[in-house]
Amino acid sequence: MGQMYDVTCGACGHCFEQAVGGGWSWYNKICKDCGTLRPVPRNAMWTEDQNEQGIALATPEAMQAYLNDRSLWRRGPGFSDREYEILSALTARCTCGGEMVMEPADVMPQESNAKRLHRCPECRSNELNFIPSGLLFD
Ligand SMILES: [Zn+2]
Ligand SMILES: [Zn+2]
């Protein structure tokens, strides 16, 4: 379950809403270079009757189709090792070429803003001021 923030950019003054930490059925990966966020499902795909096996996503094509349709992301079974490997490979790179990593759950400055991965969508600065504004329920 994520936290909503009202964020103000210290560089350009842009204000925006940011959800951090994902939801019940998904989380974000974030680009180490440009700060682009990408939602990733936590669980594999359920069948309609939600039987224990779920639906196999053991090819890149099946996994990509699953990634493309968020309406399918639910509290399904865990990914198999093979599925997780494919999922990781498909979500390893940002469109800018940067490396996508797990979004840090803590957005408050640690040692300095320079270590923060979240960035302003307008100017890409990471001098951001986060004010908690509520909880996110998927
Ligand atoms: Zn900005
Ligand atoms: Zn990027």
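Presented here is an overview of the structure given in this document. Not measured: the values here are computed from a predicted model.

What follows concerns helix α2 (residues 81-90). Taken residue by residue, α2 has Glu-83, Ile-86 and Leu-87 as its buried positions. The arc enclosing the buried residues of α2, seen along the axis, measures out at 100°, which places them on a common side. Exposed and oriented more than 90 degrees from the buried face of α2 are Asp-81 and Ala-89. If you follow the buried residues of α2, they end up packed against α1 (60-68).

Ranked by size, the top nonpolar core spans eight residues in total: Ala-44, Met-45, Leu-57, Met-63, Tyr-66, Phe-79, Ile-86 and Leu-87. When residues of this core are traced back to their parent elements, those giving at least two are α1 and α2. With near-sequence residues (within four places) excluded, Leu-57 lies in contact with Ala-44, Met-45, Ala-62, Met-63, Tyr-66 and Glu-83. Judged by nonpolar contacts, the second largest core, of six residues, contains Val-7, Cys-9, Val-20 and Leu-128.

What follows concerns the packing of α1 against α2. Where α1 contacts α2, the axes come no closer than 10 Å and their chain directions differ by 65°. When the axes of α1 and α2 are compared, the crossing they make is right-handed. In this structure, α1 contributes Pro-60, Met-63, Gln-64 and Leu-67 to the contact, and α2 contributes Glu-83, Ile-86, Leu-87 and Leu-90. Its residues placed into classes, the contact of α1 with α2 shows six nonpolar, one polar and one charged.

Conventions adopted
- Residues numbered from 1 in each chain as written.
- Chains lettered and ligands numbered in written order.
- Predicted model: local features only at pLDDT ≥ 70, side-chain atom pairs only at ≥ 80, totals over all residues.
- Buried ≥ 20, exposed ≤ 12 C-beta atoms within 10 Å, placed from the backbone.
- Helix = DSSP H or I, 4+ residues; strand = E, 2+ residues; numbered from the N terminus.
- Arc of directions from axis to C-beta.
- Contact = placed C-beta atoms within 7 Å.
- Core = buried A, V, L, I, M, F, W, Y, C linked by C-beta atoms within 7 Å.
- Axes fitted to C-alpha atoms, helices over the stretch in contact; angles between N-to-C directions.
- Left-handed = near helix turned anticlockwise from the far one by under 90°.
- Nonpolar A, V, L, I, M, F, W, Y, C, P; charged D, E, K, R; others polar.

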